[in-house]
Amino acid sequence: MDVITLSRIQFASTTIFHFIFVPLSIGLVFLIALMETLYVVKGKEQYKKMAKFWGHLFLINFAVGVVTGILQEFQFGMNWSNYSRFVGDVFGAPLAVEALLAFFMESTFIGLWIFGWKRLSKKVHLMCIWLVSIGTIISAFWILVANSFMQYPVGFEVNNGRAEMNDFLALITSGQVWVEFPHTVFGSLATGAFLITGVSAWKLLKKQDTAFFKKSFNIALIVAIISGFGIAFTGHAQSQFLVETQPMKMAAAEGLWEDSGDPAAWTMFANIDSDNQENSFEVNIPYILSYLSYSEFSGSVEGMKSIQAKYEELYGEGDYIPPVKTTFWSFRIMVFTGGLMILLGLYGAYLSKRKKLEQSSKYLKIMIWAISLPFIGGTAGWIMTEIGRQPWVVFGHMQTQDAVSPNVTAGQVLFSLISFSAIYLILAIVMAYLFVRVIKKGPVEEEKDVKLTTDPFGEEGYGSYAK
Amino acid sequence: MVLMLNEVWFILIAVLFVGFLFLEGFDFGVGMAMRFVAKTPGERRVLINTIGPVWDGNEVWLITAGGAMFAAFPHWYATLFSGLYMPLVIMLLLLIGRGVAFEFRSKLEHPKWRDTWDWTIFISSLLNPFLWGVVFAALMAGLPIDSEMNIYASLFDYITPYTLIGAIAITLLCFLHGLFFITLKTTGDLQHRARETAKKVVYAVGIALVAFVVASYFYTDIFEVRGAVLIPIFALIVVAVIFARSFALKSRDGWAFTMTGLTIALTVTSVFVGLFPRVMVSSINHAFDLTIHNAASGPYSLKVMTIVAVTLIPFVLGYQIWSYYVFRKRVKEEEHLEY
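For clarity, every value in this text was computed on a predicted model and none was experimentally measured.

### Notes on the overall build of chain B
At step 1: On a plain count of helices and strands, chain B comes out with 12 helices and two strands.
At step 2: Starting at the N terminus, the α and β elements of chain B follow one another as α-α-α-α-α-α-α-α-α-α-α-β-β-α.
At step 3: Taking 2.2 N^0.38 as the reference for a compact globule, 339 residues should give roughly 20 Å; the C-alpha atoms of chain B span a radius of gyration of 20 Å, in line with that estimate.
At step 4: Expressed along its principal axes, the backbone C-alpha trace of chain B runs to roughly 60 × 45 × 35 Å.

Below, the structure is given as structure tokens:
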């Protein structure tokens, strides 16, 4: 395999892996902060127990997120040096701000939170976890500012063969950021919420710590429902923005080779034949694509063939159609999982209201499996976003094939790809194992540490957290 | 007033690397002490807990330095990171292992499990400063940068006698710094042993640093370029190491730690002073050197970044110092039996 293919595989796999932990961290820490707020406001020990128990899972997850994130920051320069040279002036800034504003905050206050249960007053301790939560969300914002530049570059001009920033405000107020950021944050909140509902469902089925997990389930369920609707709403905004700014991606996501009729029908399923640029089989729902694109039940959507012709005029000869099948199906998987999450959330609320939650073992079993839904949806969404942008790495300005490091060999990338994959595989196995262990053990043993010792690391450092 | 922003960012990145090696330097040193000083699993747990709340924050200094290089000097970032691909892959693997080791080791009580992660922490803490020593020495000695700013380096372009001397010097320095940190954060036998080890290691550090300086005279041009500034700095480094020794002998641990911190700061500073105004030296042709001008982002970007950095850094420093203040007490083994 050549160096470009290998570099792409490495970037894709390390990023997808990293993005298992990121949304989970963002979601979990927000929920933990909510639980600790309830503890501080209501003064009930149970909420503290909750924050601590879910905190265990969060911390295991956070550690893996941090270490896989360092790799993310370094590999732009390592594997994509031409890209880094071209965009560094614009793209580097949000990354640096992310580190300064978010990473320092997260890492410092997480340390204070872990080891500070006895050292700090309740309110200061609560502030620490909220600062971690805010830090994770700020971090998401800045990295998405960077990503948005790749999707919809603004606030720059090309000088001496590279993009130079000329309007920072335009960069952070870009329309792309403000559809992508809330969508990602809602998705992340849902990821944390569905983990908690799923784990709680498992414990409820086993009839362990029922009161504790029912409460956890209900808190997470509220967040799950709100973020479920948030995802749908912001996703819709994003698709409208997409039609305007990256019509090729939208057309590929729809498997739309020719211009659609007016009103445009939405293709639910299609058998895509990329070689002959046609679909041999389609299931269509009338009006829906018009609605997705324009929030109206009329208006036609451009197809890939006519966009290709336009782009050839604009950018010169070339193939501007992304991998259609991947874009098409990842979009459907994302939408399908998102819809399912909303339905499961609403049904859970219905059961909970009727006080039938514990009896509905079928629903609880489904909720265990539903832990995977936000992960699948989030991954599919990013695959659609990134694959659908191809052949561009910075839309309209630089193609992925020109972005790679010219001085790094295929052999070196193969080595790094294999070693990163191997270590990530080990991390995944260990993490899954530790998660199951923590969950099986349950929250019970948390309660024995009550005395404050003179040593800041004594009980809290060794007793509950580090044990 | 005309702000020389390229210079400002060069200094800022130097400061970030100073911060990184000062802070992560002692937690690397503590990691090394896991095998060289600690004798029992209990002592290893104490050592981990001396850095438990802060190592992650310390590492962010490196991440921020990387981000700042990317933003302010994209060519520096691109040339260095792609040019030293293999050492960076190794470094990342080590950092990944180390980071999760802190979190994973305590999750199971099995001795083999803990041993595995303790070894991971030890090896990573040993090799990380070693690799940074290689990188810093290679930066000064020069790398084969071509006219397109790309490095086509083989292993022996950056593994040379000179870079190995630099690597050993930085590693020993971090070890000593970590030992003094342990004397500050522990009590009893462990503290005593750390201090005794430090009294020996301080000589090795002195010798290695002097060797590094002498080798720099032969392998780099930093004396020709910045001799007038560097010679006083080197003199200060020697003085600091001598003071570190005498403070160690008198068991004035805080001052000894300050001295090794100063030594680290001065050593990293001298690397950047020796480079200035270059950021990377080409061993092929000095016309291909990367400088704070030809490697930099545009003035607009630098200005925006400066405003952001100047606004945020006081807060960052403030809460990091507060976190050290909160965890200022010593860690004792008697106060916990489970680890």
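### Points about the overall build of chain A
At step 1: Within chain A, the secondary structure is distributed over 15 helices and six strands.
At step 2: Taken against the 2.2 N^0.38 rule, which gives 23 Å for 467 residues, the C-alpha radius of gyration of chain A at 24 Å falls within 12% of a compact globule.
At step 3: Taken over the C-alpha atoms alone, chain A extends approximately 75 × 50 × 40 Å along its principal axes.
At step 4: Here chain A holds 467 residues, and the buried ones make up 55% of them.
At step 5: Considering only residue pairs separated by 6 or more positions, chain A has 76% of its internal contacts joining residues 24 or more positions apart.

### Structural notes on the interface of chain A and chain B
At step 1: Contact residues are listed per partner, giving 64 residues for chain A and 60 residues for chain B.
At step 2: Those elements giving two or more residues to the side of chain A that touches chain B turn out to be α2 (45–79), α3 (81–115), β2 (162–165), α14 (410–441) and α15 (458–464) of chain A.
At step 3: For the side of chain A that touches chain B, the leading source of residues is α3 of chain A, giving 23 residues.
At step 4: Considered class by class, the residues forming the side of chain A that touches chain B number 37 nonpolar, 19 polar and eight charged.

### Side note on the packing of α2 of chain A against helix α5 (residues 85–104) of chain B
At step 1: Direction vectors running N to C along α2 of chain A and α5 of chain B enclose 170°, while the axes themselves pass 8 Å from each other. When the axes of α2 of chain A and α5 of chain B are compared, the pair comes out roughly antiparallel. Within the contact between the two elements, α2 of chain A uses L59, I60, A63, V64, V66, V67, T68, I70, L71, F74 and M78 of chain A and α5 of chain B uses Y85, L88, L92, L95, I96, G99, V100 and E103 of chain B.
At step 2: Counted by class, the contact of α2 of chain A with α5 of chain B contains 16 nonpolar, two polar and one charged residues.

### A word on the nonpolar core
Residue and element names in this part refer to chain A.
At step 1: Membership of the largest hydrophobic core comes to 250 residues, with the highest contact counts inside it found for L31 and W54.
At step 2: Residue contributions to this core peak at 22 residues, all from α3.
At step 3: Setting aside residues up to four positions removed in sequence, W54 forms contacts with L28, L31, I32, M35 and I196.
At step 4: Of all hydrophobic cores here, the second largest spans 27 residues; its members include W266, A270, I307 and V324.

### Quick notes on the confidence of the model for chain A
At step 1: Of the residues in chain A, 95% reach a pLDDT of 70 or more, and the chain-wide mean stands at 90.
At step 2: Note on residues 446–467 of chain A: pLDDT is under 50 here. Beyond four places in sequence and across chains, it has 46 contacts.

### A few points about unusual backbone geometry
At step 1: Cis geometry is adopted by the peptide bond preceding P263 of chain A, which originates at D262 of chain A and carries an omega value of 0°.
At step 2: Within the secondary structure layout, P263 of chain A lies in the loop between α8 (247–253) and β3 (266–273).
At step 3: Omega for the peptide link from F276 of chain B to P277 of chain B comes to 0°, which places this bond in the cis form.
At step 4: Relative to the helices and strands, P277 of chain B resides in the loop between α11 (253–275) and β1 (278–280).
At step 5: Unlike most non-glycine residues, N160 of chain A shows phi in positive territory, near 45°.

### Focus: α3 of chain A
All names here are of chain A.
At step 1: With 35 residues, α3 extends only 40 Å from end C-alpha to end C-alpha; this falls clearly short of the ideal 51 Å at 1.5 Å per step.
At step 2: Maximum bend of α3: about 90°, positioned at G88.
At step 3: With 34 of 35 residues buried, α3 lies mostly within the body of the structure.

### Here we look at the pairing of β3 of chain A
Residue and element names in this part refer to chain A.
At step 1: Here β3 runs beside strand β4 (residues 278–285); their pairing, made up of seven bridges, is antiparallel. Its bridge partner lying in β4, D273 is registered against E278.
At step 2: Taking the residues between adjacent antiparallel strands as the criterion, β3 and β4 are bridged by four residues, where Q277 takes a positive phi near 50°.

### With respect to the confidence of the model for chain B
At step 1: Overall, the prediction assigns chain B a mean pLDDT of 91, with 97% of residues at 70 or greater.
At step 2: Highest mean pLDDT in chain B belongs to helix α8 (residues 161–185) of chain B (96); lowest belongs to helix α2 (residues 41–51) of chain B (89).

### Some thoughts on the environment of K206 of chain A
Residues and elements named next belong to chain A.
At step 1: Its location among the elements puts K206 in the loop between α6 (175–205) and α7 (210–245).
At step 2: Judged by local crowding, K206 falls into the partly exposed class, with 13 C-beta atoms found within 10 Å.
At step 3: Put simply, K206 and A140 are 66 residues apart on the chain and 36 Å apart in space, counted from C-alpha to C-alpha.

### Topic: the packing of helix α11 (residues 324–353) of chain A against helix α13 (residues 372–387) of chain A
Residues and elements named next belong to chain A.
At step 1: The contact between α11 and α13 brings their axes to 8 Å, and the two run at 150°. Taken together, α11 and α13 sit at an angle that is classed as roughly antiparallel. You can see that α11 and α13 cross each other, and the crossing is left-handed. Here T326, T327, S330, F331, I333, M334, T337, G338, L340 and M341 of α11 come into contact with α13, specifically with L373, P374, I376, G377, A380, G381, I383, M384 and I387.
At step 2: For the contact of α11 with α13, the per-class residue count stands at 12 nonpolar, seven polar and no charged.

### Observations concerning the environment of K329 of chain B
At step 1: Relative to the elements of secondary structure, K329 of chain B occurs in the segment after α12 (299–326).
At step 2: For the pair formed by K329 of chain B and L262 of chain B, sequence separation is 67 residues and the distance between their alpha carbons is 23 Å.

Parameters and conventions
Residues numbered from 1 in each chain as written. Chains lettered and ligands numbered in written order. Predicted model: local features only at pLDDT ≥ 70, side-chain atom pairs only at ≥ 80, totals over all residues. Helix = DSSP H or I, 4+ residues; strand = E, 2+ residues; numbered from the N terminus. Rg over C-alpha atoms; globule rule 2.2 N^0.38 Å. Buried ≥ 20, exposed ≤ 12 C-beta atoms within 10 Å, placed from the backbone. Contact = placed C-beta atoms within 7 Å. Nonpolar A, V, L, I, M, F, W, Y, C, P; charged D, E, K, R; others polar. Axes fitted to C-alpha atoms, helices over the stretch in contact; angles between N-to-C directions. Parallel < 35°, antiparallel > 145°, perpendicular 65-115°, else oblique. Core = buried A, V, L, I, M, F, W, Y, C linked by C-beta atoms within 7 Å. pLDDT = per-residue confidence, 0-100. Expected span 1.5 Å × (residues − 1). Bend = angle between axes of the 7 residues up to and from the residue. Pairing = 2+ DSSP bridges. Left-handed = near helix turned anticlockwise from the far one by under 90°.

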